[in-house]
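Given next are the chains, with one letter for each unit.
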Amino acid sequence: MSVVFVPKRQRGKAQINQETIQRLLDENEQLVRCITEYMQKGRATECVQYQQILHRNIVYLGTIADASSDLPSTTTITSTKRRDRPAEVGICPL
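Residues numbered from 1 in each chain as written. Predicted model: local features only at pLDDT ≥ 70, side-chain atom pairs only at ≥ 80, totals over all residues. Heavy atoms only, no water.

**Some remarks on the overall build of the chain**
How we decide: Here a strand is any run of E in DSSP of at least two residues, a helix any run of H or I of at least four, and the numbering for each starts at the N terminus. In what follows, residue pairs with any heavy atoms lying within 4.5 Å of each other are defined as contacts. Accessible surface area values rest on a Shrake-Rupley calculation with a 1.4 Å probe, where residue burial reflects the displayed protein chains alone.
Regarding its fold elements, the chain presents 2 helices and 0 strands. Of all intrachain contacts in the chain linking residues separated by at least 6 positions in sequence, the fraction that spans at least 24 positions is 76%. Element-wise, carbon and sulfur atoms account for 54% of the exposed surface of the chain, whose accessible area totals about 7,300 Å².

**Observations regarding the packing of aromatic side chains**
Counted only if it meets this: Pairing of aromatic side chains requires ring centres within 6.5 Å, counting the rings of Phe and Tyr and the six-membered ring of Trp. Pairs whose planes differ by under 30 degrees are stacked, by over 60 edge-to-face, and all others tilted. Whether a residue is buried, partly exposed or exposed follows from its accessible area with a 1.4 Å probe, protein chains only, as a fraction of its type maximum: under 20%, in between, or over 50%, in that order.
One pass over the structure, following the stated rule, counts 1 aromatic pair. Measuring from ring centre to ring centre gives 5.7 Å for Tyr 38 and Tyr 50, while their planes differ by 20°; the resulting arrangement is stacked. A residue pair is termed long-range when its members are at least 10 positions apart, and Tyr 38 in helix α1 (residues 18-40) and Tyr 50 in helix α2 (residues 48-68) qualify at 12 residues. For Tyr 38, a relative accessible area of 4% puts it in the buried group.

Okay, structure coming up:
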């Protein structure tokens, strides 16, 4: 389940920090790999649910970026590409 999916009663109460953003970026990477795997196997209709989650995550990250551009910058959030971990293979439930 996406870390963005939060029940309505808890929306707006989440702490947005670098760890949360990095988890979303990692999840997006995994979703892109899964979508690619499905597409390569000719199963485009089955990857729609992953595309919807990816879209929701990207919109959420964009909203965070827009909101944080109004705040004074005290720390810079950088994307860290983890090269120390091997690429995951077969991460999709095919």
